[in-house]
Number of protein chains: 2
Amino acid sequence: MQNFQALYDYIEKLTGKMLSVDDKQVFTAHFKPNKIRKRQYFLQEGDVCKYTGFIVKGAAKTYTVDEKGNEHILKLSVEDWWLADFESFYKLTPSRFNIEALEDMEILQITHASVEEFIKPIPAFTSMQNVLSQNNTIAAQKRMQSSISQTGEERFQELVNDYPHFIQRFPQNLIASYLGLTPETLSRIRKSSSK
Amino acid sequence: MQNFQALYDYIEKLTGKMLSVDDKQVFTAHFKPNKIRKRQYFLQEGDVCKYTGFIVKGAAKTYTVDEKGNEHILKLSVEDWWLADFESFYKLTPSRFNIEALEDMEILQITHASVEEFIKPIPAFTSMQNVLSQNNTIAAQKRMQSSISQTGEERFQELVNDYPHFIQRFPQNLIASYLGLTPETLSRIRKSSSK
DNA sequence: AAATACGCTTGATTAAAATCAATCTACTTC
DNA sequence: GAAGTAGATTGATTTTAATCAAGCGTATTT
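Reading guide: rules and limits
As a convention, each chain's residues are numbered from 1 in the sequence order in which they are written. Lettering for chains starts from A, numbering for ligands starts from 1, and both go in the order in which the items are written. Only residues with pLDDT of at least 70 get local features here, since the model is predicted, and only at 80 or more are side-chain atom pairs given and counted; chain-wide, interface and lining totals rely on the full set of residues. To get the side-chain values, all heavy atoms of the structure are used, and hydrogens and water are removed first. The classification of residues rests on relative accessible area computed with a 1.4 Å probe and restricted to protein chains. Under 20% of the type maximum is buried, over 50% is exposed, and intermediate values are partly exposed. Helix and strand definitions here come from DSSP, where helices need a minimum of 4 consecutive H or I residues and strands a minimum of 2 consecutive E residues; each element is numbered from the N-terminal end. Here, the arc refers to the directions that run from the helix axis to the C-beta atoms. Two residues form a contact once any of their heavy atoms are found within 4.5 Å. Put simply, buried area is the surface a 1.4 Å probe can reach on two separate parts but cannot reach once they are joined, added for both. Salt-bridge detection follows one rule: a side-chain nitrogen of Lys or Arg within 4 Å of a carboxyl oxygen of Asp or Glu. Here a polar contact is recorded for every N or O atom pair within 3.5 Å, except that within protein the pair must consist of a potential hydrogen donor and a potential acceptor, and residues adjacent in sequence are included only if both atoms are side-chain atoms. Gly is placed with the polar residues, together with every amino acid not listed as nonpolar (Ala, Val, Leu, Ile, Met, Phe, Trp, Tyr, Cys and Pro) or charged (Asp, Glu, Lys and Arg). Superposing the copies works by least squares over the C-alpha atoms of residues that have pLDDT at least 70 in both of them. By convention in this text, a residue qualifies as near a molecule or strand provided that one of its non-hydrogen atoms is within 4 Å of it.

Visitor: Please set out helix α4 (residues 112-119) of chain B residue by residue, giving values where relevant.
Guide: Residues of α4(B) that are buried include every one of H112(B), S114(B), V115(B) and I119(B), and no others. Buried residues along α4(B) cover an arc of 160° about the axis, so they all sit on one side. Facing away from the buried side of α4(B) by more than 90 degrees, the exposed set consists of A113(B) and E117(B). At its buried positions, α4(B) is contacted by α5 (123-149) of chain A together with α2 (21-30), α3 (86-91), β8 (105-111) and α5 (123-149) of chain B.

Okay, here's the thing in C-alpha cells:
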C-alpha cells in the first residue's frame, strides 16, 4: 500500500525510530484510506471531528465563517500534516470549524478511540506525538507573536520565508485570510514591497 | 515542603493519578525551589532558557521588545502554570523573549536534561504532559482564531470571559499588549463598551 | 511630606487596513 | 465557443487603531 508507505516514512524520519512489520500491521488495520474531492468537506461546522487524517496527497483549509459571511482561515494543510480540529477530536464536542479540500486528497484517517487503544502502544507513534507536540508549541508561539507584534507586511514576509511553497500553491485570497488580511490589502502589500 | 505540595496537587488533579512517596522523592531531588523578586528576570533575550519553572506563587510576563522599543506581551503566567520559552528550552537556542516577574514569585525549576532523565519515567508526569499538550493545542488554536478573525473589542470580551482574574490582577496596559492593542485603544474600547 | 513613577484617560492627528465598487484575466463548464 | 466563475488588481472612501501629547490620580520611594 503506497498510501501507508508515506505515513511510515514520515514517522520514521521524524522520530528516527523504525517501525516493525507488526507495527505496520497495526497501522493498516486501524487507519482507513479515504479520498476527498476538491471542495468536499472533511469536517463541517457543528459536527464532531471524529477522525484525524494523515494527508498523503492534496491540501485543505480549516476555517470559520463569521456573522457577515466572511471566511477566516486558521490553517492550511498539505502532505505529511495531520488534519483535524483537535479540540473537537479530543473532547468530542461540536466543531466551530470547517475543513475543506482545496485539491483532491488522499488521507489515512482514524478515530481517537482507535489511536488510544491500538496506536499509542507503538513507541514510535508516541515518540512522534512528543515531537509534534514540541513543534506545535513552537510554531503556535511564533505565529501568535507575529500576530500581536508585526504588521501585515512583516507577517507576509515571514510566511514567504517559512513556507515558500504555500505562496506557490495557494491563491492569494487564501493566504491573505490566513494572515488575517483582506485580499485587497495583501495585493497592495505585495505591490508596494516589490518596488 | 509546602512548595512541592502545590506541584503534587496540580499533577494529581490534572491527571487523576496519585504520586507515590518514591515519585515525590524524585521531584524533590530534581526540582530546585527558586525565588524571583518583582521586576527580576527569569529569562533574558539572547540567553538560553535552561529551566522550566512551575509557578507556586506569583505572576510573570513573557514579552519581546521591537525595534521601536515597544513591549509585546506573548504570555501572562500565574500560579500552576509552567514558565519557559519552550522553543529555547527544547532546542537550547538563544531566546527572543524576556520573562520577567510581575510579582514576587516562588517557582520550582528544572532543566530539560533532568526532566528527560529523571522525571519522564514517572507515569503521572508523562500523563500530565499529554493533557497539557492537548490543552495547549486547543488554547493556541482558539487564541489564533480570535486574533485573525475578531476585533480588539471582541478579543477583550473573550479574555474577560476566559480569564476574568487576569483583568483583576494585571494592569490594563499589560492586558492591552497581550491582546495586541495599545493601552489607549483598550481604554477607549472599555469606555465605549461599558455604555 | 514631597517627589517620582506608574497607570489610566482623553483629545487631536496620522497611519493602516477594511469596505465598496469596478475591471480584467484565466479557467472551468456546459 | 460561449457563458459563467474565481481570483487579482486598482481606485475611492470609510473605519479602525496607532501615535503623539497632555493631564490626572494613586502608589511608591526616599
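That was the structure; now back to the text.
Visitor: An account of the interface of chain B and chain A is needed here, citing residue identities and associated values.
Guide: Each side of the interface is counted separately: chain B has 34 residues, and chain A has 34 residues. For the pairing of chain B and chain A, the buried interface totals around 2800 Å² over both sides, and the portion due to carbon and sulfur atoms is 60%. Contact with chain A buries area across many residues of chain B, yet Q141(B), M144(B) and I148(B) alone supply 23% of it, more than any other trio. For the interface between chain B and chain A, the tally reads 0 salt bridges. Applying the counting rule to chain B against chain A returns 8 residue pairs in polar contact (both at pLDDT 80 or more). Elements represented by at least two residues in the side of chain B that touches chain A include exactly β5 (71-77), α3, α5 and α8 (172-179) of chain B. With 14 residues, the top contributor of residues to the side of chain B that touches chain A is α5(B). For the side of chain B that touches chain A, a count of residues per class yields 11 nonpolar, 13 polar and 10 charged.

Visitor: Report on the relation of the copies chain B and chain A, specifying residues and quantitative values.
Guide: Taken as rigid bodies, chain B and chain A are interconverted by a rotation of 180° and an axial shift of 0.0 Å, the fit giving an RMSD of 0.0 Å. Interpreted geometrically, this transformation is the action of a two-fold axis. In this assembly, 100% of the residues forming the interface of chain B have copies in chain A that are likewise at the interface, indicating an isologous arrangement.

Visitor: Let's hear about the protein's contact with DNA strand D: which residues, and what values?
Guide: Looking at DNA strand D, there are 16 residues lining it, with Q172(A), N173(A), K191(A), T185(B) and R188(B) nearest. Within the side chain of T182(B), a nitrogen or oxygen atom sits 3.2 Å from a phosphate oxygen of DNA strand D. E184(B) is positioned with one of its side-chain polar atoms (N or O) 3.1 Å from a base nitrogen of DNA strand D. Going through the elements one at a time, α8 (172-178) and α9 (183-193) of chain A together with α9 (183-193) of chain B are the ones with two or more residues in the surface near DNA strand D. Broken down by class, the residue content of the surface near DNA strand D amounts to 2 nonpolar, 8 polar and 6 charged.

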